[in-house]
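Examining the three-dimensional arrangement
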Amino acid sequence: MTTAAQSANTAAAREAFYQRLAAKNMAPLWESLKGLVPREPTPNAVPAVWHYAELRDLCLEAGRMITAREAQRRVLVLENPGLPGSSRITQSLYAGLQVLMPGEEAPSHRHTQSALRFVLEGHGAYTAVDGERTTMSPGDFVITPPWSWHDHGNQSDAPMVWLDGLDIPLVNFLDAGFSEDDPRDIQPVERPEGDSLARYGTGLLPLGERRGNGAAEVGGAATSPVFNYPYERARAALEAMRKREAWDPCAGLRLRYTNPLDGGWAMPTIGTFLQLLPAGYATRAYRSTDATVFALVEGRGRTKVGARVLEWSPRDVFVVPAWSWHTHQADEESVLFSFSNRPAQEKLGLFREERGT
């Protein structure tokens, strides 16, 4: 028998064996091992940018097309071109632009997914979380902890638009998603505005406070009891760091939002950051296992991801996939907000990074 005939017989025997395995709901690992355990991450997500100037009219059109109450949450999903039909901006994160028109209210509900809001446009709308309202302004980072009642309202005379970020894909992968509508529709205000920031955001804690207010915990995963981190304070922190000249060659000045109770991440599954790049600053190449979503607060510039160049300006949103070499170049002094799944990766011992020289 020739070598070619032997190879054909072997292939046919293996295929017949595989079919018998399939009939028993089994499969040969050696046929899929390289895909299941790759040498390094091979994300399906791709670099992408959403220019706010091109999206704003669509946001307002959505505001005229359907009410916030009818939609429950009027959001235009930012879907990664490499993950079509999945409502994902990265493999484990969801993002979208939420629109609230003047006088509107989005009814109260809760879910096990953690959520963040990063305000892009407008003043005067509020988010309410477990009985406390906070008025939002551009650049504010607002947290909705898992399984916390929350609703939104716009008491201003102009539209409000903010970036939503949630761990929906991660929670759904774990089959741990729950949600519930609030029979009260709009939750009553039980604490004065600014209460959580006054209690927990000053460097002082109420005596005996250890884990937070209870509503911010699900299954022992604590979320920061501060649910609005005002941009004014965060920007001042960047300026204070500038005086120390603690520049990271791969990130400029990059700070992370923290939980004041323990100094850990502000959210259990989503890491949030704010960074400053001076005019003309060019970072060294960097890559990490946490795919990262960026939103521009101030400035103009570009980010090169592999061979792709993403130009950005205020209110634009862009994404850098996992384990992708990238650099930032600021034409003007720039401030970037970003979020990723780094806390979850760190808890699982999976996070890894590399820095260029």
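Residues numbered from 1 in each chain as written. Predicted model: local features only at pLDDT ≥ 70, side-chain atom pairs only at ≥ 80, totals over all residues. Heavy atoms only, no water.

1. Some details on the pattern of salt bridges
- Going through the model one piece at a time under the given rule, you end up with 21 salt bridges.
- For the salt bridge of Asp185 with Arg69, the shortest nitrogen-to-oxygen distance reads 2.7 Å. Here Arg69 lies in helix H4 (residues 68-71) and Asp185 lies in the loop between strand S11 (179-181) and helix H6 (195-200), a separation of 116 residues in the sequence.
- Owing to a relative accessible area of 29%, Asp185 belongs among the partly exposed residues under this scheme.
- Judged by relative accessible area, which is 41%, Arg69 ranks as partly exposed.
- With its nearest N and O atoms 3.1 Å apart, the salt bridge here joins Arg302 to Glu311.
- Linked through salt bridges whose partners overlap, the residues forming this network are Arg235, Glu239, Arg242, Glu298 and Glu333. (Salt bridge = Lys/Arg side-chain N within 4 Å of Asp/Glu carboxyl O. Helix = DSSP H or I, 4+ residues; strand = E, 2+ residues; numbered from the N terminus. Buried < 20%, exposed > 50% of the residue type's maximum accessible area, 1.4 Å probe, protein only.)

2. Notes on the environment of Glu54
- Its place among the elements puts Glu54 in helix H3 (residues 52-65).
- Classification of Glu54 as exposed rests on a relative accessible area of 57%.
- Considered as a pair, Glu54 and Asp316 are 262 residues apart in the sequence and their alpha carbons are 9.5 Å apart.

3. Observations regarding helix H7 (residues 231-244)
- In this model H7 runs 20 Å from its N-terminal to its C-terminal C-alpha over 14 residues, within 8% of the 20 Å that 1.5 Å per residue would give.
- Along H7, the residues that are buried comprise Tyr231, Ala234, Arg235 and Leu238. Axial view of H7: buried residues confined to an arc of 100 degrees, hence all on one face. Pointing more than 90 degrees away from the buried face of H7 are the exposed residues Glu232, Lys243 and Arg244.
- In the stretch just after H7, Glu245 is the one whose phi turns positive, near 55 degrees. (Expected span 1.5 Å × (residues − 1). Arc of directions from axis to C-beta.)

4. Thoughts on unusual backbone geometry
- Even without glycine at this site, Asp130 takes up a positive phi of about 45 degrees.
- The topology assignment puts Asp130 in the loop between strand S6 (125-129) and strand S7 (132-135).

5. Here's the deal with helix H1 (residues 3-23)
- Its 21 residues place the ends of H1 31 Å apart at the C-alpha level, agreeing with the 30 Å of an ideal helix rising 1.5 Å per residue.
- Trailing H1 by a residue or two, Asn25 shows a phi angle of about 55 degrees, which is positive.

6. Thoughts on the packing of aromatic side chains
- This model, assessed by the stated rule, comprises 13 aromatic pairs.
- Aromatic side chains Phe141 and Phe337 sit 5.7 Å apart centroid to centroid with 40 degrees between the ring planes, which places their arrangement in the tilted category. Of this pair, Phe141 sits in strand S8 (residues 141-144) while Phe337 sits in strand S23 (residues 334-340), placing them 196 residues apart in sequence. Grouping residues by exposure puts Phe141 and Phe337 together as buried.
- Taken together, a centroid distance of 5.5 Å and an interplanar angle of 85 degrees make the contact between Tyr229 and Tyr257 edge-to-face. Taken together, the residues Tyr229 in strand S14 (residues 228-229) and Tyr257 in the loop between strand S15 (253-256) and strand S16 (271-277) connect sequence positions 28 residues apart. No difference in accessibility class separates Tyr229 from Tyr257, as the two residues are buried.
- Connected via pairs of aromatic rings, a cluster forms that spans Phe118, Phe141, Tyr229, Tyr257, Phe337 and Phe339. (Phe/Tyr/Trp six-rings, centres within 6.5 Å; stacked < 30°, edge-to-face > 60°.)

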